[in-house]
Amino acid sequence: MSHAFSTVASERARETKAREELRRQQQRVETTEKFSGLRIKNRLVASAVLEDKFADLRFARIPDIKLDMRGRWATAGVLVEKTMKQGSTGASYSIWKLSDMSPTDYVFTVFLFGQAHLDWHREDPGTVWALVDGELREDTKAGPAGRPTAACNEPHQLCKLGVSPVFGRCKGTRRDGNDCTMHVNVSVSNYCAFHANAALKSLAKRDEGAARAMVASGGVPALVALLQAGSSAVRLR
């Protein structure tokens, strides 16, 4: 009898181990989140669960968020920057920058107050987040004029979806000798727009033919992003 129990227990242990290994493999698979278009790995929320969560909401990608949106809404982005400040009452709060990681790199500012700040202020840049029912407001100090920001007080207004496989930091060097801290989409370029543009200009001055060859070979993929963003700073004739 004890042998039978031992066999059953061993079989269950093998099944549990197999399920865990399958779960880990699935987490490593890179997927594209259908609402935001963001690429995600180490996914924490299944697609079906997210569809249920957004079923009764108006989902807006970051460039489409408007100050006058009515009703319940949601968005998603990659946490690319965060700071912590102290208010006039002495309470701390966080300021997050969420990016859509597109060539135009739209960034949305989110303020975390109260319990939302306490629960989430330790989270790392590069993680992917959904924001639900943030309080929309216009704040010209936190972003471009006319662009809305959002505030949230409750932890459930934010949901971590996973990790961005395309998030990185610029490999350029600032004038003070320190590393550049600008975020980049590594599937486009390892350098931010400023450093990619500066490198291209420098190369063009030295050797226009080499600059043309580099662009043609994809050596400066950020050029594509800059042109798509409508930048007039980069021109090769």
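The model shown is predicted, which means the values in this text are computed figures rather than measured ones.

**Q** Looking at this model, I keep getting lost on unusual backbone geometry. Mind explaining?
**A** Most peptide bonds are trans, and most residues other than glycine sit at a negative phi. Positive phi, normally seen in glycine, also occurs at Asn42, with a value near 50 degrees. Structurally, the position occupied by Asn42 is in the loop between strand E2 (39-40) and helix H2 (47-54). Although it is not a glycine, Asp105 adopts a positive phi angle of roughly 55 degrees. Residue placement: Asp105 occurs in the loop between strand E5 (92-99) and strand E6 (107-112).

**Q** I tried to follow the side chain of His195 on my own but got confused; where do I start?
**A** Within the secondary structure, His195 is located in helix H4 (residues 193-206). A relative accessible area of 14% means that His195 is categorised as buried. Side-chain polar atoms of His195 contact the backbone oxygen of Thr173, separated by 3.0 Å. Setting aside chain neighbours within four positions, we find His195 in contact with Cys170, Gly172, Thr173, Arg174 and Cys180.

**Q** How should I be thinking about the pairing of strand E4 (residues 73-86) in this particular structure?
**A** Every regular strand shows the same layout, with side chains that alternate between the two sheet faces. As paired elements, strand E3 (residues 58-59) and E4 share 2 bridges and run parallel to each other. Of the residues in E4, the one forming a bridge with Arg58 is Trp73. Pairing geometry for E4 and strand E7 (residues 127-132), over 5 bridges, is antiparallel. Following the sheet pairing, Ala74 is matched in E7 by Val132.

**Q** Would you mind showing me how to read the environment of Gly162 here?
**A** Relative to the helices and strands, Gly162 resides in strand E10 (residues 158-163). Since its relative accessible area comes to 2%, Gly162 is described here as buried. Setting aside chain neighbours within four positions, we find Gly162 in contact with Ile40, Lys41, Asn42, Arg43, Leu44, Thr127 and Val128.

**Q** It is not clear to me how the packing of aromatic side chains should be interpreted in this structure. Could you clarify?
**A** Here the distance between the centres and the angle between the planes together describe a pair of aromatic rings. A full pass over the atoms with the stated rule returns 9 aromatic pairs. For the pair Phe35 and Phe54, a centre-to-centre distance of 5.0 Å together with 85 degrees between the ring planes defines the contact as edge-to-face. One end of the pair, Phe35, is in the loop between strand E1 (31-32) and E2; the other, Phe54, is in helix H2, with 19 residues separating them in the sequence. When the ring of Trp73 is compared with that of Phe108, the centres are 6.5 Å apart and the planes differ by 80 degrees; the resulting orientation is edge-to-face.

**Q** Would you mind going over the environment of Ser47 with me for this structure?
**A** Looking at where Ser47 falls in the secondary structure, it is placed in helix H2. Linking Ser47 and Lys34, residues 13 residues apart in sequence, is a C-alpha distance of 8.4 Å.

**Q** I keep staring at the pattern of salt bridges and nothing clicks. Help me out?
**A** Where side chains of opposite charge bring their charged atoms close, a pairing between them can arise. Evaluated as defined, the whole model comprises 5 salt bridges. For Glu30, the salt bridge identified is with Arg39, shortest N-O distance 2.6 Å. Taking the relative accessible area as the measure of exposure, Arg39 reaches 34% and is therefore partly exposed. Between Lys34 and Glu51 there is a salt bridge, with the nearest N and O atoms lying 3.5 Å from each other. With Lys34 in the loop between E1 and E2 and Glu51 in helix H2, the pair connects residues that are 17 residues apart, well separated along the chain. Exposure remark for Lys34: the relative accessible area of 56% places this residue in the exposed category. Glu51 gets classed as partly exposed once you look at its relative accessible area, which sits at 35%.

Calculation rules
Residues numbered from 1 in each chain as written. Predicted model: local features only at pLDDT ≥ 70, side-chain atom pairs only at ≥ 80, totals over all residues. Heavy atoms only, no water. Helix = DSSP H or I, 4+ residues; strand = E, 2+ residues; numbered from the N terminus. Buried < 20%, exposed > 50% of the residue type's maximum accessible area, 1.4 Å probe, protein only. Polar contact = N/O pair within 3.5 Å; in protein donor to acceptor, adjacent residues only side chain to side chain. Contact = heavy atoms within 4.5 Å. Pairing = 2+ DSSP bridges. Phe/Tyr/Trp six-rings, centres within 6.5 Å; stacked < 30°, edge-to-face > 60°. Salt bridge = Lys/Arg side-chain N within 4 Å of Asp/Glu carboxyl O.

Don't take any of this as a statement about function, it's just geometry.
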